[in-house]
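This is what each chain is made of:
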Amino acid sequence: MLGPAMRSGANPDCPAGPITFTDFPGGLTAHFQEGRLVGWNWHQRQDGDAPGRGRLRLSGSKVALASPRALVEAAPGFAPIAGSTLGEEFALGEKIGGFIKDDAVEMLYAGTQCFFR
């Protein structure tokens, strides 16, 4: 559905333990530990990323990549994460997180991440 994987790699020094990852067109990165899917992040296209096919948003929500700040702040469960060293970070309930940059959603994530705080 997303097309072939663009690249895969590993980070043995991840704070959550060794993670392997696979990047797909449109900005999806899937995270694996011991062969199991443990998390994902969906980010704006970066250098070398292929364009996605269509626009994806969170199930039951209008929040998607590039959603304006006002839309995400009005979403159920929105809470800013004070003191994040990674940028303007927020939570949507207990399972979804994200980042806002230039007044729009830059990344959404869930599950195990390899963030160095």
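Summary of the structure given here. (Residues numbered from 1 in each chain as written. Predicted model: local features only at pLDDT ≥ 70, side-chain atom pairs only at ≥ 80, totals over all residues. Heavy atoms only, no water.)

Looking only at helices and strands, the chain has one helix and eight strands in total. Taken from N to C terminus, the helices and strands of the chain fall in the order β-β-β-β-α-β-β-β-β. Each of the 117 residues in the chain was classed as buried or not, and the buried ones make up 39%. Counting only contacts in the chain whose residues sit at least 6 apart along the sequence, the fraction spanning at least 24 positions is 38%. (Helix = DSSP H or I, 4+ residues; strand = E, 2+ residues; numbered from the N terminus. Buried < 20%, exposed > 50% of the residue type's maximum accessible area, 1.4 Å probe, protein only. Contact = heavy atoms within 4.5 Å.)

This part covers the packing of aromatic side chains. Inspection of every chain in the model, using the stated rule, returns four aromatic pairs. Aromatic ring contacts, followed pair by pair, group Phe99, Tyr109 and Phe115 into a single cluster. (Phe/Tyr/Trp six-rings, centres within 6.5 Å; stacked < 30°, edge-to-face > 60°.)

Across six bridges, the pairing between strand β3 (residues 28–33) and strand β4 (residues 36–43) is antiparallel. When the bridges of β4 are listed, Leu28 appears paired with Trp42. By the bridge criterion, five bridges tie β4 to strand β8 (residues 104–111) in an arrangement that is antiparallel. Across the sheet, the residue bridging to Gly39 is Gly111, located in β8. (Pairing = 2+ DSSP bridges.)

The phi dihedral of Ala66 is positive, around 75°, even though this residue is not glycine. Looking at the secondary structure, you find Ala66 in the loop between β4 and α1 (69–73). Phi is positive for Asp103, close to 65°, though the residue is something other than glycine. Structurally, Asp103 is set in the loop between β7 (96–101) and β8.

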